[in-house]
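Chains, contacts and geometry: an overview
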Amino acid sequence: MERSLLSKRFLAFSEECKGKCRLYELLSIQISNDRELLQLSSYAPMNQPIPNLLFAAVHYLLLKGKVHELKDFYKSIVAFPKNADHCFPYFKRFCTQYRHEIISLLRQKLVQTNEVSRCVYLYPIFCNIYEKMNKPLALIELGTSAGLQLLWDQYRYSYGTETVYGNQSSNVHLRADIKGKKRPFLLMNSPPIFSRIGIDLHVNDLNVQEDYLWLQALIWPSETKRRQLFIRAAKIVRQDPPHLVEGDGIDLLDSIVEEVDERAIPCVFHTHVANQFTPQMQQKLLADIDQIGKKKDIFHLYNNLPDHKLRLDAYIEGEKSAKIVGETEAHGKWFTWYL
């Protein structure tokens, strides 16, 4: 990728980090003007969110225990991090010292942020589907990473009040604000799940320390609550891991849906994954689900197709209805509800 395009990606990422992670905001601005670090970043695949991948690679090496003063700027590693304003020289020296290891990670790893808090808007949608169909759900997640979102029924939820929904005894308590006047229908207890399967080009096994650390490294250093929720949710997944399949979810989808028991309703879902698909892959996925929907009742929940809005396509008795569910904050802090 041309240096100018890489520079724009880092500048755009700096805007995304504003108010959330000052460390990454400042580093992104400085990297956008640094020839050597842009050249290092060019080893990442074009279809990946390159700034996320570079920062995760560095974070991963620090979490693994690399000895370097850079760690003193990371809240995920030290209790009282140094001022982010002074980090860049240390960051650049670290990248120079561990250049070969960083390149290896950029080439081998993927941005697979398994953001458990996104389940706050999955829960009301699946409540809605169950209320409509009165059938247990057969969950099929594309880009599942380690499967944390596949276990959304094992968490509990609050939406700005004292009322708690979902798995009442869960150690993972997810909270979100619902913006606007509309409120979703919510079941007190999680809808029944008939089966669950996750598909990913590279499945992360949370019982493997390398995979566990990589997913931690994708969480921004300043996001303490996100990290704590990940650790708690990972414990649930480790105790009862869902069925995860490594492969191309678009290619495998038809055969997997075909195997869903008639007593269940197939629910295909993916969040913040389709932005990594090529336009051809996006079109194929939508076309394939259209074809499946002519033969079988199915729901498709997704965002980043064609925009950031959360959408739900329902195919009932061969008829399709396409609705915008709402808009969501990237890490699940809030969402709007249109249904």
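The coordinates are above.
This text gives an overview of the structure that appears in the document. None of these values were measured; they are calculated from a predicted model.

**A short note on a positive patch on the surface**
- Taken together, Arg175, Lys225, Arg232 and Lys333 make up a surface patch of like positive charges.
- Following the sequence through the fold, Lys333 ends up in the loop between strand 11 (319–326) and strand 12 (334–336).
- Relative accessible area serves as the criterion here: at 44%, Lys333 is assigned to the partly exposed category.

**Focus on the sheet that holds strand 2 (residues 156–158)**
- Spatially, 3-2-4 is the arrangement adopted by the three strands of the open sheet, whose pairing is mixed. Edge strands, defined here as strands with exactly one partner in the open sheet, are strand 3 (165–166) and strand 4 (173–175).
- Note: strand 2 against strand 3, two bridges, orientation antiparallel. Its bridge partner being in strand 3, Arg156 is matched across the sheet by Gly166.

**Some words on the packing of helix 10 (residues 249–258) against helix 11 (residues 279–295)**
- Interaxial distance between helix 10 and helix 11 falls to 10 Å at its minimum, and their mutual angle equals 10 degrees. Comparing their axes, helix 11 and helix 10 come out roughly parallel. Residues Ile250, Asp251, Leu253, Asp254 and Val257 of helix 10 touch helix 11, and the partners they reach there are Met281, Lys284, Leu285, Asp288, Ile289, Ile292 and Lys295.
- Along the lines of polarity and charge, the residues of the contact of helix 10 with helix 11 split into seven nonpolar, no polar and five charged.

**Re helix 2 (residues 22–31)**
- Among the 10 residues that make up helix 2, seven are buried, leaving the element largely enclosed by the rest of the structure.
- Each element contacted by the buried residues of helix 2 is listed here: helix 1 (3–17), helix 3 (35–41), helix 4 (50–63) and helix 5 (88–97).

**Topic: the pairing of strand 1 (residues 137–142)**
- Within strand 1, six of the six residues are buried, leaving the element largely enclosed by the surrounding structure.
- Of the two faces of strand 1, the one lined by Leu137, Leu139 and Glu141 and the one lined by Ala138, Ile140 and Leu142 are each fully buried.
- When strand 1 meets strand 6 (residues 193–200), the two strands line up parallel, connected through six bridges. What sits directly across from Leu142, in strand 6, is Ile199.
- In terms of strand pairing, strand 1 meets strand 8 (residues 265–270) through five bridges, oriented parallel. By the bridge assignment, Leu139 is partnered in strand 8 with Cys267.

**Digging into the packing of aromatic side chains**
- This model, assessed by the stated rule, comprises 19 aromatic pairs.
- Here the aromatic rings of Phe73 and Tyr90 are separated by 5.2 Å at their centres, their planes lie at 45 degrees, and the arrangement is tilted. Highlighted residues: Phe73 in the loop between helix 4 and helix 5 and Tyr90 in helix 5, separated in sequence by 17 residues.
- By relative accessible area, which is 21% here, Tyr90 ends up partly exposed.

Rules behind the numbers
- Residues numbered from 1 in each chain as written.
- Predicted model: local features only at pLDDT ≥ 70, side-chain atom pairs only at ≥ 80, totals over all residues.
- Heavy atoms only, no water.
- Patch = residues over 30% accessible without salt bridge, like charges linked within 9 Å, V, L, I, M, F, W, Y side chains within 5 Å.
- Areas by Shrake-Rupley, 256 points an atom, 1.4 Å probe, with all protein chains shown as cover.
- Salt bridge = Lys/Arg side-chain N within 4 Å of Asp/Glu carboxyl O.
- Lys, Arg positive; Asp, Glu negative; His and termini not counted.
- Charge placed at Lys NZ, Arg CZ, Asp CG, Glu CD.
- Helix = DSSP H or I, 4+ residues; strand = E, 2+ residues; numbered from the N terminus.
- Buried < 20%, exposed > 50% of the residue type's maximum accessible area, 1.4 Å probe, protein only.
- Pairing = 2+ DSSP bridges.
- Axes fitted to C-alpha atoms, helices over the stretch in contact; angles between N-to-C directions.
- Parallel < 35°, antiparallel > 145°, perpendicular 65-115°, else oblique.
- Contact = heavy atoms within 4.5 Å.
- Nonpolar A, V, L, I, M, F, W, Y, C, P; charged D, E, K, R; others polar.
- Phe/Tyr/Trp six-rings, centres within 6.5 Å; stacked < 30°, edge-to-face > 60°.

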